[in-house]
Structures are given as C-alpha cells and as structure tokens.
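# Observations on the model geometry
Chain by chain, the residues:
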Amino acid sequence: MVTIDSILARAKEYMPEEDLAPLTRAHAFATEVYSGKHRLSGSPFLYHALMVTDILATMRLDVPTLCAGLLHGVIKQAEHPKETEKLLRDKFGEEIVTIVQGATKITGVQFNSRLAYQAENIRKMLLAMSSDIRVLLLRLADRLHDMQSLRYVDRAKQAEFAQETMDLYAPLASRLGIDWLKRELEDLSFAALHPEEYEDLSNKIRTSLADRETYVEEVKALLTNKLTEHGLQYFRVLGRPKHLFSIYKKLLAQNIPFEKVYDKVAFRIIVHTVTECYEALGVIHSLWPPVDGRFKDFISTPKANMYQSLHTSVVGLHGEFMEVQIRTEEMDRVAQEGIAAHWAYKEGKAATSRDARLFKWLKQLVHTLQELEDPREFLDAVKGELYEAEIFVLTPNGEVKEFPRGSTPIDFAYSIHTEVGNRCAGARINGQIAQIKTPLRNGDLVEIITSPKQKPNRSWLGLVRTARAKSRIRQWLNQEEREKALEVGRELCERELRRHNLSLKRLIKTGHLKELLKTLSCNTLEDLMRRVGTGRITVQAIIKEMQPLEILDVATVEAVEELSPAPKPRKRHDQDNVIQVSGADNVLTKISHCCMPVPGDEIIGFITAGRGISVHKAACPNLLASDQQRLIAVRWAEETSSTHRAQIQVIAHDQKGLLAGLSNTISSDDANILNLEAASSSSGMARINIILEIRDKEHLRLLLQHIRQLGGVIEAKRL
C-alpha cells in the first residue's frame, strides 16, 4: 500500500540531502482538498495522487515534481478553482503551480467537437512541456495509473482512452527514452483495445514460459563463458521476454503464427566501457552469424533522447533468431530512465545544455504545430511526429539529423529552412545527384540543390513524412490558393459590374462601400473579392445589396483595378488555353472529372471554392443540385491542339484477341489509353471501361464507329 511515508522513504534514498518537508505539507493540503472525492473505482482521489507521486519517485524526480504529483488534481477537484490556485501559489510557490497548471486538463471551455477538445488539450500540454519537461513526466505518470484503473470505465471509454495512450503517450515516453513506461503503456492499451488477442497471447506466453526460461539460461551461460574467455571480467548478461505488444506487432507485420516468433526474448550485455561494448559485439558475431541489415550503432550516433546502445540480431542457439543489446552501465540507466536520468532542477537553476538537448525536438515540434488550426490536421501531425525516428542522415558539415523512415530530401530541406524547402529541386546523396522523391537511408550524406524557379506543389504532401515539411507545404499552397481566389474574384467582379453599369469607385466616394462590406461581413475590398473567388459570396449577392443605393445611373464604368493591385500574370495551364470564361481573361479553369467534357460538347462553368472554375457538360447531373448562382458561361477556344480525357464502355463477346484488337484500333485512330478495366461474366460477355485521350467530340465519334466494326463487339458508347 502506497502511503506518504513510503514515498518519503523512497525519495530519501536518492535525495538524502534534500529537504522533504514540502512533500509533507503538500500531502496535508491535498488531503484537505481531496476529502470526500472519489474516482470511478470507488477509491479516494487521494490514493490516485499518492500512486502518481510514487511513480514519479520511481523515476527519481525532484521534490517540486513530487509535490506537483500530490497536488496535480487540486485545481480541478476544488469547489473554487481560482481561489485554490491562489492559495496553492502562496503555500508552494510559482514553480510547483506552473507544473500543476501544465498538467491539469482543460476545464470550463466549450468545444464544438470531441476532436477539437482533444486537439486543444494536447496543444496546451505540448506548450507547457516545451518550457518544463516535468509537466510531461507528471502527465505520463498520471496516464499510467489511469490506464491501470481502466477496467472501471465503460467499454467505449476504455477504447477511446487506450487509443489516445497508444497514439500519444506511449510514443512520448519512447521519445523521452523511458523504456519501461513505454512498454507498460503499450501493453495496457493493447489489453483494452484488443482484449481477446491480448488474452490469447498471454496464455501462449505462460504456456511456453518453462521452455523459454531454459533457453534464456542456456544462452546466458554460453555468453558468460565466451566473454570471460575473451578477457572481459566485469559484465552482466540479462535476458527478458519482449513485451506482449511488440510480439503482437510482429505477428501482424509478418503474418506468422506465435510458434514462428523466435526472438521472444531480448538479451542485454552490460559492460564497463565503450571499448568493451565493441569487444562484446565481436564475440557475439564470432559465435553466431548476424542477420543482414539488423545491426545498429546508437553509441556513435545517439538518438535524440540520448539513448546509446549497440543492437544486433543473430541466428543464435538452436537456430533461433536473437536480439542482443550491448551497452555500459550509464547507458543502461539512461535507457531505462530516459530523460529522468539526466533531468535535475536544483535551487531553481535552469537545465544544463545537455538536458536542454534532450527535449529540443519537443520545442521544434511545438514551433511546427503552432500554426495548425484544423484539429484533425493538428492531431495527425502530432502522431506522425512522435513516432520513433528510424533513420539518421548527415549534413555536409557533419550534423546528424533524424527522420521517420520514408523521408525524402524535401523533409531534409525543410528541416534546414522553410525557403530551402520551398526551392528544393533535388539533392546530392553521398555525392550522387538524386530526385526529391528519393527515400533517405541511414548514414546518407545529404546536400540540397535549390532553384529559384522551383516551388511546392500538392504532390509534395505525398512525398514527405515530417510534420514540419507538411505544415510548410500546406502554408505555401494555401497562400497560392488565396492569391488565385483574389484573381478570380477580381475578374468576375469586373465583368458583372460592367454588365450592370456599376462602379466601385463611386461606392467609395459616397461611403456606400463600407456599408456594403459590413453587410457582407467583409473586412476589406480585397477580402470581398477573395470570397467571390472562392464562391463563398456570389456576384449576384453583391448586386442585390447595391440595388437600393441608387447608383444605377452611373455613366462611366470604373475598373476595379483602380482600387486594388493589378493581377500578376501567371503561367497558363493547358486547360486554360482551351476554355474561355465569358467576359474575363486569365481565369483558372479545370475540366471536371465527373463528366469529362471535350471540345464539341455544350459546357458550363461552376465557381469552386478556391480552385477557379470547374468546367462541366451543360447536362451534367451533378450541376442540378448545385448553387445555380455559381454557374458561369464558358466556351471552347476556337483553336487548340490539346488532348482531353473521355470514358467509353465496350460490351463484347469474351473472345481471344479482343483486347489486342481494341488496342490496335485505338492506336490507329491516334488516341491513347490512360486506363482500362475489364470484367467478364459467366454468360461469356465482357464489359470493358476505357479512359482515353482524344482531341475532340468528332475524334471520339469516329473512334467509337471503328470500335463497333470490330468482330465480337456488341456495343461501344461514351459514358
């Protein structure tokens, strides 16, 4: 049973010189505030506070953190939170209050969705952690005891809580290097998310326990003898079973039964010096053949959380795969305790430079995420960034950078500077020119090649893995879309104003523009035009608001460009060259994929939200339910050499040579197959859907006519 006395005794062991009186006072204050408060399990809230504090003491944290553990729920549990917070500050000081505030969940704030609540909660926690890592250590201890008590809440809540723990808190513990905490959080989450699989795997582990213990003792004895023979005197050989979730992941990833998982045990060799680490590695590789690609040297290249060790996998005793980790005593302490092994606040002094490096990644994460407003995008970025970095690459000056597996030179470029990322045109990887989509590998030496003509595009989002790169690319794309929307809105306003013989300049002179902007909830004329360009405000709505202002007698039409900067010329797309918007030039247009109009079809334009004008067939069914005020007249250009997509369907007898005949006919008619899907029925009929590149409607008509003349073809039509 955990009590304040047992916590004091544990703290005294590693802080014999520290004054522990604040802990006793914190316990007394917590006892008073928590009086009569119970958790869902029925146990007093004070017991939860004691358990959390005991976990923090196990992590050997300082007195202020232990006090915060006892007090972390007092603000939330108090009847008068603000008064309690002030009293807390008076009794225990700003340092402890800051940790408690950072670890306290958001209360009293209304959010429009559970997703927004979760995102804001995590955002607040990350901001607090970036200035004081003890906030995170307290939150992790709090989450661990919550997970240990999870059986007292309903099944749906268990799954939600466990998923958040798996996605956020376990990766955070891993990034801080607190290995034991990460393992326990993962196993508890695994039990809640997949109870049947967890129970089945637990039973199989228990059944094979005796055989596994015998195997471990055999390996330990053999390693001890061989290491001693090679002159190593002071070392320890440990063998522990891998935690259940890591075994479960292997079963899923490799799609194998439990019996085929050979490395259920991880062995660890603890030596005195770094030199002895490499000597022990040589002994192991002389005993058993290493598995290709499974050796990692985290001693020469430590992880961001200062984890150091040699990892190797070998075909070990009895032909079973074994994982072996080799490290010094100090490295082992850091591996178990992580950042807590180094973190030390004494007499209010700031963290050392070495301590600061341990959570530098957290500050970078917060900086990257601070501009993300969409809750889903924010949470996705957090999850993506927290997964353990798997590759380590070098800059030309020898700096080590770590990235998730699958990262590309674009990720590397954005890690240097936003402008370097925006202008990334390629890279030199180990001295060889490489494309921006080339995956980076461990140990690569990377140098970024930039070009003033290069700029991000939407396809880059599928090439990057880091939150920073995704955030910067989206930022650039959003700005580009805003500029395009402004351009489209300006041109649409110009056209419609001329049609109604209206002038915005007259509105400004008479003061009516301010009234118009206020009515339409716009801040500026530019804001109004941008909303027109995205379709959020129609030109008809503007005209309607201007009708009663008695300005229809304006004789001279004033151009909108007098009121805002002239649009910058932009590079035209192929589709822009074949579509002309009635009354406006240089407007972004896009052929709709739903009906695929081609020259010769009757067409109409639809003003989209931020992507210019989408061009449809005039009879497209998707336009029937759309906002008719956003439709706009468009026409095909008189001359064009562009190709267009069209979809056709061929019904034919399923016979040999059918596809070859179709392909030859399409090729002979100077068309191109972009995609082909074929299916046959039990009745011997074949249905073939083809997406083609053709010139115009007449070209397509001739092609269909030639296809219908093929032997076995029953029907050929455009979809």
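Our subject is the structure that appears above.
The notes below deal with the structure included here. In this text, all values refer to a predicted model and were calculated from it rather than measured experimentally. (Residues numbered from 1 in each chain as written. Predicted model: local features only at pLDDT ≥ 70, side-chain atom pairs only at ≥ 80, totals over all residues. Heavy atoms only, no water.)

### Topic: the overall build of the chain
Tallying secondary structure elements over the chain gives 28 helices and 20 strands in all. Relative to its full complement of 719 residues, the chain shows a buried share of 49%. Sequence-distant contacts in the chain: of pairs separated by 6 or more residues, those separated by 24 or more amount to 66%. Surface accessibility of the chain: about 36000 Å² in total, with carbon and sulfur atoms responsible for 50%. (Helix = DSSP H or I, 4+ residues; strand = E, 2+ residues; numbered from the N terminus. Buried < 20%, exposed > 50% of the residue type's maximum accessible area, 1.4 Å probe, protein only. Contact = heavy atoms within 4.5 Å. Areas by Shrake-Rupley, 256 points an atom, 1.4 Å probe, with all protein chains shown as cover.)

### A short note on the sheet that holds strand β13 (residues 603-607)
The strand order across the open sheet formed by four strands is β12-β14-β13-β15, and the pairing between neighbours is mixed. Of all strands in the sheet, those bounded by a partner on one side alone are β12 (589-591) and β15 (631-632). (Pairing = 2+ DSSP bridges.)

### Some remarks on the pattern of salt bridges
The final tally for this structure, using the stated rule, is 24 salt bridges. Residue E85 is joined to R89 by a salt bridge in which the shortest nitrogen-to-oxygen separation is 3.6 Å. With E85 and R89 both in helix α6 (residues 81-92) and four residues apart, this pair spans about one turn of that helix. Judged by relative accessible area, R89 falls into the partly exposed class, the value being 28%. The shortest N-O distance in the salt bridge between D601 and K697 comes to 3.7 Å. Taken together, the residues D601 in the loop between β12 and β13 and K697 in helix α28 (residues 697-708) connect sequence positions 96 residues apart. By relative accessible area, which is 40% here, K697 ends up partly exposed. Salt bridges sharing common partners tie together D62, E95 and R134. (Salt bridge = Lys/Arg side-chain N within 4 Å of Asp/Glu carboxyl O.)

### Regarding the packing of helix α9 (residues 134-148) against helix α11 (residues 179-193)
Where α9 contacts α11, the axes come no closer than 10 Å and their chain directions differ by 35°. You can see that α9 and α11 cross each other, and the crossing is left-handed. Contacts between α9 and α11 involve L140, R143, L144, M147 and Q148 from the first element and W180, L181, E184, L185, L188 and S189 from the second. (Axes fitted to C-alpha atoms, helices over the stretch in contact; angles between N-to-C directions. Left-handed = near helix turned anticlockwise from the far one by under 90°.)

### Considerations on the sheet that holds strand β8 (residues 424-429)
Spatially, β9-β8-β10 is the arrangement adopted by the three strands of the open sheet, whose pairing is antiparallel. The sheet is open, and its two edges are formed by β9 (432-434) and β10 (446-450), each paired on a single side. The average angle at which neighbouring strand axes cross in this sheet is 30°, direction not considered. In this structure, β8 lies alongside β9, joined through three bridges in antiparallel fashion. Within the sheet, the bridge partner assigned to R428 lies in β9 and is I433.

### Comments concerning the packing of aromatic side chains
Under the defined criterion, the tally for this structure stands at nine aromatic pairs. Here the aromatic rings of Y34 and F45 are separated by 4.8 Å at their centres, their planes lie at 50°, and the arrangement is tilted. A residue pair is termed long-range when its members are at least 10 positions apart, and Y34 in the loop between α2 (21-33) and α3 (45-58) and F45 in helix α3 qualify at 11 residues. Note on Y34: relative accessible area 3%, which makes it buried. With centroids separated by 6.4 Å and ring planes inclined at 35°, the aromatic side chains of F245 and Y248 adopt a geometry described as tilted. Of this pair, F245 and Y248 both sit in helix α14 (residues 244-254), three residues apart, which is roughly one turn of that helix. Of the residues examined, F245 reaches a relative accessible area of 12% and is grouped as buried. Residue class for Y248 comes out buried when judged on its relative accessible area of 12%. (Phe/Tyr/Trp six-rings, centres within 6.5 Å; stacked < 30°, edge-to-face > 60°.)

### Details of the environment of I299
Note that I299 resides in the loop between β3 (296-297) and β4 (310-315). With relative accessibility at 8%, the residue I299 sits in the buried group. Separated by 28 residues in sequence, I299 and R327 have C-alpha atoms that sit 8.2 Å apart. For I299, the contacting residues outside a window of four places in its chain are V274, C277, Y278, Q308, S309, L310, I326 and M331.

### Quick word on the side chain of D411
Note on placement: D411 falls in helix α20 (residues 409-416). Buried within the structure, D411 lacks any salt-bridge partner; R465 is the closest side chain of opposite charge, at an N-O distance of 6.3 Å. One polar contact links D411 to T466, side chain to side chain, over a distance of 2.8 Å. Apart from residues no more than four positions distant in its own chain, D411 is found in contact with F403, L463, V464, R465, T466 and A469. (Lys, Arg positive; Asp, Glu negative; His and termini not counted. Polar contact = N/O pair within 3.5 Å; in protein donor to acceptor, adjacent residues only side chain to side chain.)

### Section: the nonpolar core
In terms of nonpolar packing, the biggest core is built from 73 residues, with L71, L88, L140 and L185 touching the most fellow members. Not counting the four nearest positions on each side in its chain, L140 is found in contact with Y169, L172, A173, L176, L181 and L185. (Core = buried A, V, L, I, M, F, W, Y, C linked by side-chain atoms within 4.5 Å.)

### Some words on unusual backbone geometry
A positive phi angle, near 60°, is found at R60, a position not held by glycine. Checked against the element boundaries, R60 lands in the loop between α3 and α4 (63-71). Residues other than glycine seldom take positive phi values, yet N430 does so here, at roughly 55°. In this fold, N430 is placed in the loop between β8 and β9.

### Concerning the packing of helix α27 (residues 658-668) against α28
For the pair α27 and α28, the least separation of the axes is 10 Å and the interaxial angle reads 150°. Classified by the angle their axes make, α27 and α28 are roughly antiparallel. Classified by chirality, the crossing of α28 by α27 is right-handed. Between α27 and α28, the contacting residues are L662, T665 and I666 on the first element and L703, H706 and I707 on the second. (Parallel < 35°, antiparallel > 145°, perpendicular 65-115°, else oblique.)

### Examining α3
Here α3 contains 14 residues, and its C-alpha end-to-end distance of 20 Å stays within 8% of the 20 Å for a straight helix at 1.5 Å per residue. Taken across its 14 residues, α3 has 12 buried, putting it largely inside the fold. Among all positions of α3, only F45, L46, H48, A49, L50, M51, V52, T53, D54, I55, L56 and A57 are buried. In this structure, the buried residues of α3 make contact with α1 (4-14), α2, α4, α5 (74-77), α9 and α11. In the segment just after α3, R60 is the residue with positive phi, at about 60°. (Expected span 1.5 Å × (residues − 1).)

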